[in-house]
There are 2 protein chains.
Amino acid sequence: MFSKEKYLNRRKYLIEQLPSGIVLLPGNERVPMNYAGNAYPFRQDSHFLYYFGIDMPGLTGVIDVDSGESYLFGDEVTLDELIWVGEYPSLAEMSEKSGVSKFFPKMRLENYLATALQLKRTIHYLPPYRADRLLQLSQWLSFTPAEVKEHASDELISVIVNQRSVKDADELNEIELTINQVTSEMFLTALRMSEPGIKESEIVAAIEHIAKAHGCRQSFIPICSVNGHYLHNESYANILREGQLLLVDAGSESKMHYATDLTRVFPVAKTFTTQQAEIYQLVLDMQMAALQMMKPGITYFSVHMHACKVLVEGLKSLGLMNGDTDELVEQGAHALFFPHGLGHLMGLDVHDMEDLGEQNTGYDDEVSRSTVFGTRYLRYGKKLKEGLVLTVEPGIYFIPLLIQQWKKEEKFKQYIHYEQIERYLNFGGIRIEDDVVITNSGCRILGNPVPKTIAEIELLKMP
Amino acid sequence: MFSKEKYLNRRKYLIEQLPSGIVLLPGNERVPMNYAGNAYPFRQDSHFLYYFGIDMPGLTGVIDVDSGESYLFGDEVTLDELIWVGEYPSLAEMSEKSGVSKFFPKMRLENYLATALQLKRTIHYLPPYRADRLLQLSQWLSFTPAEVKEHASDELISVIVNQRSVKDADELNEIELTINQVTSEMFLTALRMSEPGIKESEIVAAIEHIAKAHGCRQSFIPICSVNGHYLHNESYANILREGQLLLVDAGSESKMHYATDLTRVFPVAKTFTTQQAEIYQLVLDMQMAALQMMKPGITYFSVHMHACKVLVEGLKSLGLMNGDTDELVEQGAHALFFPHGLGHLMGLDVHDMEDLGEQNTGYDDEVSRSTVFGTRYLRYGKKLKEGLVLTVEPGIYFIPLLIQQWKKEEKFKQYIHYEQIERYLNFGGIRIEDDVVITNSGCRILGNPVPKTIAEIELLKMP
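Worth saying up front: this structure is predicted, and the values here are computed from it rather than measured.

Asks: Quick one: what's the story with the packing of helix H1 (residues 4-17) of chain B against helix H4 (residues 91-98) of chain B, residue by residue and with numbers?
Replies: All names here are of chain B. It is the contact of H1 with H4, at a shortest axis distance of 6 Å, that shows an interaxial angle of 70°. As far as their axial angle goes, H4 and H1 are roughly perpendicular. Packed against H1, whose contacting residues are Lys-4, Tyr-7 and Arg-11, the element H4 presents Glu-96, Lys-97 and Ser-98 at the interface.

Okay, structure coming up:
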């Protein structure tokens, strides 16, 4: 946990920003895997972690905007339970660490909320992303499940998005330490292991091993695949073959559950082929161009569009496209090769605050989401400001099904040289991703550098 | 998956055993971890796996008891989705493998059920263990959440418990192969790694690595602890010290999600101390006595009680107890040292079918659950019969808090030598667990032997 003062200050900001009422912040419960007693590893709610810091199930936080006080509702571990679980902090200890003055048994929460409702006080809560939370809120507030969703507090969402988007030095430090101590080792291991004959499952097991041995978990289910062009790929069934590329998109959580999220691509052979190196360098150029441009005041939408233009310029010199670069990108012709966005906010969630709605975290009155295929998947388009942490993750993919579809529909046929693309049908995909903080004058990649240039990677692959 | 015939036969049994109506078997969905898009690894519902075998989210199975037909409801992956996920089996392929004649889009299920309700057909369903399932059933059947729980089908529970309790040769083979290829390697690795200075987290990471590299997951969150006396211990924060015991309770799932579940205890030093060896041998004696007794017709309750008597006899010769063994066990005095049950059913769930209620899986009119502390935690008390798979997991623990409590309450003070127990307060706990199938004349430990005797373990610990 951070210092008590940090949690007090974070809650103070909420109290100052909201006009009145109560903020209801339930923590997460355990989720059954195949029966109630066999749960998934517990993951605390990120908002609860942010405002209260306590990494345990069974707790609900309440912030009274009018009185300025915060409360915790939860049940003490009984002596009978202590016998089974051993040492366990008391509610008093937890409240103290979190700077909360009062704590109550869980059963009193229902009454507390009923009274608040009688007094017509506003109860601010966030839209629930888990079904058990939805049911719980429906019971507490006497709403139907549909009403629960409807009455989530837009005011609270807006204040939290503003607050959590900007990371302080402690938060940045948490992310950087994890990259340096855990995530970079995961990637160096994957690089060393990417040899012909090894299974994807063996590599993913090895990288998860590293995080787990440090007492950390993965921020998300890792991608570790020779089919990097399938963007949502959670299978690890392939055996690596000479000539393929291995794409690894993974990241350890810090012990306090801040995410890290990197992507690297390694040749299974000792070196990249010429074709691979050309595409790899182009992806790296896209990232470098983006990083050079990122600073407060610039929209991330324009950075995304700029990276797409670098892509189109590159594909033109490789003979895969022709035409006016600005126009091609405007119309989305590049999305055949780069159908996703340049990056997303990162923090306590790998897609930070995605539960509050991407429209709320990534767009505003100034920058609205594109409707063009590819560009519309950009998760964050707003102006950059100091303290934001974003991933920068351009990619180039040759997705046979998508190419087939576009070719059949003759999409951009005068600009895309489909006959040239034939040579890339077994290529796979390349993505390069780093975690970046916006500084007062530009941006900075978080953590020590993880090998990224062709020369660095090939050097490390040498026997 | 098993052969199509197996799933057809399993469903045929249900159809024959139920008088009429429809069996509604929803598969599981993905569960959000910290937002909808960041899910836990998918785990299919075990009943759905048993009757349909398909390991994917988004499906519901329906078995029409009256017509004898089975249906699958689910949605095909769209071309747009295929672009992201790559290869994906179609509903037609999945239905074929499962021996299901007809499949329909998911949106038709609501209508199908509404029609069945109008026709006053019985809709048999199981009590939901996940909140999303509860909400879904509540919507489909127009029940409140409380009514959903109330109207779960006792008839269906009873038939499924009978059917799933008895494992066939293919199921046994699945469990044995996993023990031989994965779980035993996990334990040999833990044994080799249990040296002073290493962290529990490093050992648990290594054993999870082994399962994952085989493409398997853990059946449950592993216990890997020098505090083996805390029975529900999911922390891995300790560093192993000379003189301690490391308790590892873990098991890989098979690829088809059959559980394995073993426990071993290793000395952190090269050898057990005399005190450790005495207690270890006594736990092993308890297990051996249980295994010798297990055969069709004997209740597992009586096996449990017998193991407890072996324990008391042993503790008497160690000078920790005295009195009449039968009476001590009857009254539960042994439970200070062995406060849990001897074992549980195992199959597609590590506690097989625990979602259907332990009363339904483990007890019947003949054998009812004890009310005595310790004995009442026995999860399975019924008569043994051929084909049951059970864990046999006696243990001896010195739980300081429990000892303190009993001593203060002067519980069994004439029979328990509390002053002698002082010498064991830092002992920890020992449990030895194997997975066992009941044969026609006795029982058999599943899988190749995993080192268990003091001599075997000390030999493997030699440099």
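Asks: Let's hear about helix H4 (residues 91-98) of chain A: which residues, and what values?
Replies: All names here are of chain A. Along H4, the residues that are buried comprise Leu-91, Met-94, Ser-95 and Ser-98. Mapping the buried residues of H4 onto a view down its axis gives an arc of 100°, with all of them on the same face. Close packing links the buried residues of H4 with helix H1 (4-17), helix H2 (46-52), strand S5 (70-73) and strand S6 (102-104). Positive backbone phi, approximately 70°, marks Gly-99, located one or two places after H4.

Asks: Report on the domain arrangement of chain A, specifying residues and quantitative values.
Replies: Residues and elements named next belong to chain A. What the domain assignment lists for chain A is domain 1 (4-165) and domain 2 (169-461). Each of domain 1 and domain 2 has a C-alpha centre, and these two points are 35 Å apart. Both faces combined, the contact of domain 1 with domain 2 buries some 1,600 Å², and carbon together with sulfur accounts for 51% of it. Sorting the residues of domain 1 by area buried against domain 2 places Arg-43, Arg-164 and Ser-165 first, and these three jointly supply 32% of that buried surface. Joining domain 1 to domain 2, the criterion identifies 5 salt bridges. The shortest N-O distance in the salt bridge between Lys-6 and Asp-170 comes to 2.8 Å. For the pair domain 1 and domain 2, the number of links is 12 residue pairs in polar contact (both at pLDDT 80 or more). For the side of domain 1 that touches domain 2, the element with the most residues is helix H8 (residues 154-165), which contributes 6 residues. A class-by-class count of the residues in the side of domain 1 that touches domain 2 yields 11 nonpolar, 4 polar and 5 charged.

Asks: Any details on the interface of chain A and chain B? Residues and values, ideally.
Replies: At the interface, 64 residues of chain A touch 63 residues of chain B. Carbon and sulfur atoms supply 64% of the area that chain A and chain B bury against each other, a total of about 5,100 Å² over both sides. Broken down residue by residue, the surface that chain A buries against chain B is led by Tyr-35, Tyr-40 and Trp-84 of chain A, which jointly contribute 16%. Counting across the chain A and chain B interface gives 4 salt bridges. With a shortest N-O distance of 3.9 Å, Arg-30 of chain B and Glu-234 of chain A are connected by a salt bridge. Those elements that provide at least two residues to the side of chain A that touches chain B are strand S2 (32-35), strand S3 (38-39), helix H3 (79-85), helix H6 (131-141), helix H10 (200-213) and helix H15 (400-408) of chain A. Sorting elements by how many residues they give to the side of chain A that touches chain B places H10 of chain A first, with 9 residues.

Asks: Run through the pairing of strand S5 (residues 70-73) of chain B, naming residues and quoting values.
Replies: All names here are of chain B. Alternating residues of S5 divide into Ser-70 and Leu-72 and Tyr-71 and Phe-73, and every residue in both groups is buried. Pairing between strand S4 (residues 60-64) and S5: 4 bridges, direction antiparallel. Directly across from Ile-63, in S5, lies its bridge partner Ser-70. Between the antiparallel neighbours S4 and S5 lie 5 residues, among them Gly-68 with a positive phi of about 80°. Of the strand pairs in this sheet, S5 and strand S6 (residues 102-104) are connected by 3 bridges, and their pairing is parallel. What sits directly across from Phe-73, in S6, is Phe-104.

Asks: Run through the sheet that holds strand S15 (residues 443-445) of chain A, naming residues and quoting values.
Replies: Residue and element names in this part refer to chain A. The strand order across the open sheet formed by 3 strands is S11-S14-S15, and the pairing between neighbours is antiparallel. Of all strands in the sheet, those with a lone pairing partner are strand S11 (389-392) and S15, marking the two edges. When the angles between neighbouring strand axes are averaged without regard to direction, this sheet yields 35°. Where S11 and strand S14 (residues 434-438) come together, 4 bridges link them in antiparallel fashion. Counted as the bridge partner of Leu-390 is Val-436 from S14.

Asks: Let's hear about the environment of Gln-17 of chain A: which residues, and what values?
Replies: In this fold, Gln-17 of chain A is placed in helix H1. The spacing of Gln-17 of chain A and Gln-163 of chain A is 146 residues in sequence and 10.0 Å in space, taken between C-alpha atoms.

Asks: Describe unusual backbone geometry, naming the residues involved and giving the relevant values.
Replies: The phi dihedral of Ser-142 of chain A falls on the positive side, at around 55°, and the residue is not glycine. Note that Ser-142 of chain A resides in the loop between H6 and helix H7 (145-150). For Ser-142 of chain A, a relative accessible area of 63% gives the class exposed. The backbone of Glu-410 of chain B sits at a positive phi, close to 55°, despite the residue not being glycine.

Asks: I'd like a description of the packing of H1 of chain A against H8 of chain A, backed by residues and values.
Replies: Working note: a packed helix pair is described by the angle between its axes plus the distance between those axes. All names here are of chain A. Two elements in contact, H1 and H8, have axes whose closest approach is 10 Å; the angle formed by their N-to-C orientations is 135°. Here H1 lies oblique to H8, going by the angle between them. In terms of crossing hand, the pair formed by H1 and H8 is right-handed. Listed contacts from H8 to Arg-10, Tyr-13, Leu-14 and Gln-17 of H1 are Leu-156, Val-159, Ile-160, Asn-162 and Gln-163.

Asks: Please set out the nonpolar core residue by residue, giving values where relevant.
Replies: Met-294, Tyr-300, Phe-337 and Phe-398 of chain A are the most contacted members of the largest nonpolar core, which totals 135 residues. Ranked by residues supplied to this core, first place goes to helix H11 (residues 274-293) of chain A with 10 residues. Core analysis: the second largest hydrophobic core is formed by 133 residues, Leu-315, Phe-373, Ile-396 and Ile-457 of chain B among them.

Asks: How would you summarise the packing of aromatic side chains if you had to cite specific residues and measurements?
Replies: Each aromatic ring pair is specified by the distance between its two centres and by the angle formed by the two planes. Under the defined criterion, the tally for this structure stands at 37 aromatic pairs over all chains. Judged by centre distance (5.3 Å) and plane angle (65°), the ring pair of Phe-398 of chain A and Phe-427 of chain A falls under edge-to-face. Taken as a pair, Phe-398 of chain A in the loop between strand S12 (395-397) and H15 and Phe-427 of chain A in the loop between helix H16 (418-421) and strand S13 (429-431) lie far apart in primary sequence, 29 residues in all. Through successive ring pairs, a cluster of aromatic residues spans Trp-84 of chain A together with Phe-373, Tyr-377, Trp-406 and Phe-412 of chain B. Positioned above the aromatic ring of Tyr-50 of chain A, the side-chain terminus of Arg-10 of chain A is 3.8 Å from the ring centre. Directly above the ring of Phe-2 of chain B sits Lys-6 of chain B, whose terminal nitrogen or CZ lies 5.0 Å from the centroid.

Asks: Please provide a residue-by-residue account of the relation of the copies chain A and chain B, values included.
Replies: In the superposition of chain A on chain B (RMSD 0.0 Å, axial shift 0.0 Å), the rotation amounts to 180°. Taken together, the turn and the small shift mark the pair as related by a two-fold rotation axis. A share of 98% of the interface residues of chain A reappears at the interface of chain B, consistent with the copies meeting face to face through the same patch.

Asks: Residues and numbers for the environment of Gly-251 of chain B, please.
Replies: Residues and elements named next belong to chain B. Among the structural elements, Gly-251 can be located in the loop between strand S9 (245-250) and strand S10 (262-267). Since its relative accessible area comes to 0%, Gly-251 is described here as buried. Separated by 20 residues in sequence, Gly-251 and Leu-231 have C-alpha atoms that sit 16 Å apart.

Asks: Before we move on, could you go through the state of the cysteines and cite the residues and values that matter?
Replies: Residues and elements named next belong to chain A. Going through the model one piece at a time under the given rule, you end up with 0 disulfides over all chains. This cysteine, Cys-308, is not joined by any disulfide, and Cys-443 carries the nearest cysteine sulfur, 17 Å off. On the basis of relative accessibility, which here comes to 0%, the residue Cys-308 falls in the buried class.

The rules behind each value
Throughout this document, residue positions are counted from 1 along each chain, in the order its sequence is written. Here the convention is simple: chains get letters from A, ligands get numbers from 1, in the order in which they are written. Only residues with pLDDT of 70 or above have their local features reported here, since the model is predicted, and side-chain atom pairs are shown and tallied only from 80 upward, although totals for entire chains, interfaces and linings are computed over all residues. The basis for every side-chain value is the complete set of non-hydrogen atoms in the structure, without hydrogens or water. Orientation is described by axes fitted as lines to C-alpha atoms, over the contacting stretch for helices, and by angles from 0 to 180 degrees between their N-to-C directions. Helix and strand labels come from DSSP, where a helix needs a run of H or I of at least four residues and a strand needs a run of E of at least two; each type is numbered from the N terminus. The scheme is simple: roughly parallel for angles under 35 degrees, roughly antiparallel for over 145, roughly perpendicular for 65 to 115, oblique for anything else. The contact criterion used is simple: two residues touch if any of their non-hydrogen atoms lie within 4.5 Å. Buried, partly exposed and exposed residues are distinguished by accessible area as a fraction of the type maximum, computed with a 1.4 Å probe on protein chains only: under 20%, between the cut-offs, and over 50%, respectively. In this description, one arc is meant: the one made by directions from the helix axis to the C-beta atoms. Here the limits of each domain have been adopted from an automatic or database domain assignment. Computed with a 1.4 Å rolling probe, the buried area is the accessible surface lost when two parts are put together, summed over both parts. Any carboxyl oxygen of Asp or Glu that lies within 4 Å of a side-chain nitrogen of Lys or Arg is treated as forming a salt bridge with it. Identification of polar contacts relies on pairs of N or O atoms within 3.5 Å, with a donor-acceptor requirement for protein atoms, meaning one able to donate a hydrogen and the other able to accept it, and with residues adjacent in sequence counted only if both atoms are side-chain atoms. Think of it as three bins: nonpolar holds Ala, Val, Leu, Ile, Met, Phe, Trp, Tyr, Cys and Pro, charged holds Asp, Glu, Lys and Arg, and polar takes everything else, Gly as well. Pairing between two strands is assigned when DSSP locates at least 2 bridges connecting them. What makes a crossing left-handed is the near helix being turned counterclockwise from the far one by less than a right angle; a clockwise turn instead makes it right-handed. By nonpolar core we mean a set of buried residues, namely Ala, Val, Leu, Ile, Met, Phe, Trp, Tyr and Cys, connected to one another through side-chain atoms within 4.5 Å. Pairing of aromatic side chains requires ring centres within 6.5 Å, counting the rings of Phe and Tyr and the six-membered ring of Trp. Pairs whose planes differ by under 30 degrees are stacked, by over 60 edge-to-face, and all others tilted. A ring is scored as having a charge over it whenever the NZ atom of a lysine or the CZ atom of an arginine sits within 6 Å of its centre and within 35 degrees of its normal. The fit set for superposing copies consists of C-alpha atoms from residues with pLDDT of at least 70 in both; the fit itself is least squares. For this text, the term disulfide refers to a pair of cysteine sulfurs within 2.5 Å.

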